[in-house]
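Listed here are the chains, written in short residue letters.
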Amino acid sequence: MKVNDTILKINNIEKNYAAGEDSEKVHVLNSLSFSVKKGEIVSIVGPSGCGKSTLLNIVAGFEKTDGGEVYYNNTRVFGPNSEIAVVFQAPELFLWLTVSENIAFGLNIKKEDKQVIKDKVSDFIKLVNLEGFEKFYPNQLSIGMQQRVALARALILSPNMLIMDEPFSALDYQTRIMMQKLLLKLWDKFKMTILFVTHDVEEAIFLADKTIVLSKRPAKIIDEIIVPFERPRQISIIADNEFLKLKSRVLGYLM
Amino acid sequence: MRNKAPKISFVSIIFPAVLVLIWHLVSVTGKAPEYMMPSPIKLIFVMFDFVTGSLKLTSYSGTFFAHSIVSLGRVLSGFIIALTVGLPLGLITGRLSCIYKIIDPTINAVRSIPGIGWLPIAMVWFGVGTKTAIFLISLAGFFPIYLNSVAGAKSVPVNLIKAGKMLGARHILLFCKIILPWSMPSIFTGMRLALGISWAYLVLGELTGVNSGLGAVMMDARMLGHVDIIIISMICIAFWGKLTDEVLKLLMRVFFPTLGDDKI
């Protein structure tokens, strides 16, 4: 692996939380280190409450570490960066804006040309299959559709990296598979690096090139699994023997 | 819900109709003397004259619009002052815990002083007259706007702020594009409460030292023994209070279509 292939480098990060000012500190992240290559999809699984979301918040620049460093493209991360987009567990859309306005939000902040914004928004509406819903407000859409708006809103800024915090966990099984396929389709088009936290072991393996398994708190890495399946992947691989072996290996750590 | 404007049913008219009927009977039979409670029919005539000036029944004949405009001007000036101070201060206080800790306890302590308790000191500071009325109105309107702006700004979900930051909105943009619109339903509630209370404090402010406005008409009529005009002024204030509330709701519906029909 060449050094400049690495887009994200996590170096011995530590994080403690205190519930209140006087209460004892909780050790959340224990000297975590790993790196992510450009264009790679990396999923992170681990027991509930182990600090997966904290890790994502640190990478996205929303939270500070208590030790160690995060490097994005060889530059230390100190705050949110327009090249790193985030999709949250809940869609977190702006309820007072229409679907189009939500998707255009980031470009409007950047004061892009009106016509450019209009064209780009209409492209992304097509990409996430929301034609005909441009003028709808988020509350008028299903959660799956709202999450597609959130994806479009993040990807329209052409981020090099997409961070996703259990983005499909609130969806039913069919919608989730549809969203996974959509995500892979978008990845195929933009080849952004994806860092993905999930509870769903099947999802973690199906989507990822590499699955990182975290221990319970204070989280450290117990395993890094390279997922060997070729892309594009068909949903049928989840019944493949190799896939099932990986799945039971990961489940073994979590049980 | 839309298309479901509350309909006034026949049943809900019975009660006020019976009350007016009893009122009428009590006045025509002389059980209540004219100087304490004029009959509803007389009130209708005096009201008509107060608005149009065509009957010359009282010395207030035809002065409805002149007094209303003065009162409306005071209410709106006070309301706008309350809004310009209360809204930004509330939003900032709601977002920055250090400022919240510094000023919120004091504001809440000051809030517990009843409005009428401010009248004497306001008269010392501003003299008797319009300034005192506007001061009282803006003071009264400030609290509900401030409190509801604080509540709105405090309730912005953490991840919504993160979403805004991730899309490049920082500082003032974050305030204008996310915190303000998110807080709008709450702010709107505060504005409606403030506008309602403004009319109450208008009367307080106009009771002394001014010779125009609906509150002044009331007080003047009391001294001249015009009970009919006192009651009519009360009705006029109710009318303007309701009308300004409806206009505020209409403006909100036009500018913030997603505020939710249940809120408006």
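None of these values were measured; they are calculated from a predicted model.

Thresholds applied
- Residues numbered from 1 in each chain as written.
- Chains lettered and ligands numbered in written order.
- Predicted model: local features only at pLDDT ≥ 70, side-chain atom pairs only at ≥ 80, totals over all residues.
- Heavy atoms only, no water.
- Helix = DSSP H or I, 4+ residues; strand = E, 2+ residues; numbered from the N terminus.
- Rg over C-alpha atoms; globule rule 2.2 N^0.38 Å.
- Contact = heavy atoms within 4.5 Å.
- Areas by Shrake-Rupley, 256 points an atom, 1.4 Å probe, with all protein chains shown as cover.
- Phe/Tyr/Trp six-rings, centres within 6.5 Å; stacked < 30°, edge-to-face > 60°.
- Buried < 20%, exposed > 50% of the residue type's maximum accessible area, 1.4 Å probe, protein only.
- Patch = residues over 30% accessible without salt bridge, like charges linked within 9 Å, V, L, I, M, F, W, Y side chains within 5 Å.
- Salt bridge = Lys/Arg side-chain N within 4 Å of Asp/Glu carboxyl O.
- Lys, Arg positive; Asp, Glu negative; His and termini not counted.
- Charge placed at Lys NZ, Arg CZ, Asp CG, Glu CD.

K.L.:
Tell me about the overall build of chain A, and please be specific about residues and values.
P.N.:
Of the regular secondary structure elements, chain A holds 7 helices and 10 strands. Whereas a compact globule of 255 residues would reach a radius of gyration of roughly 18 Å, chain A reaches 18 Å, a difference of no more than 12%. C-alpha extents for chain A along the principal axes are approximately 50 × 50 × 40 Å. Looking at chain A alone, contacts between residues at least 24 apart form 69% of all its contacts between residues at least 6 apart. Carbon and sulfur atoms provide 50% of the accessible area of chain A, an area that totals close to 11900 Å².

K.L.:
Lay out the packing of aromatic side chains with the relevant residues and their values.
P.N.:
Residues and elements named next belong to chain B. Overall, the coordinates contain 17 aromatic pairs over all chains when judged by the stated rule. A centroid spacing of 6.1 Å and a plane angle of 65° characterise the contact between tryptophan 118 and phenylalanine 135, whose relative ring orientation is edge-to-face. Separated by 17 residues along the polypeptide, tryptophan 118 in the loop between helix H4 (97-111) and helix H5 (119-126) and phenylalanine 135 in helix H6 (residues 130-154) bring together distant segments of the chain. One exposure class covers both tryptophan 118 and phenylalanine 135, and it is buried. Put simply, the rings of Phe50, Phe64, Phe65, Phe239 and Trp240 pair up and form one aromatic cluster.

K.L.:
Break down a negative patch on the surface for me, citing the residues and quoting the values.
P.N.:
Residue and element names in this part refer to chain A. Side chains of Glu112, Asp113, Asp119 and Asp123 sit close together on the surface and give a patch of like negative charge. With respect to the helices, strands and loops of the structure, aspartate 113 is situated in the loop between helix H2 (99-109) and helix H3 (114-127). Classification of aspartate 113 as partly exposed rests on a relative accessible area of 46%.

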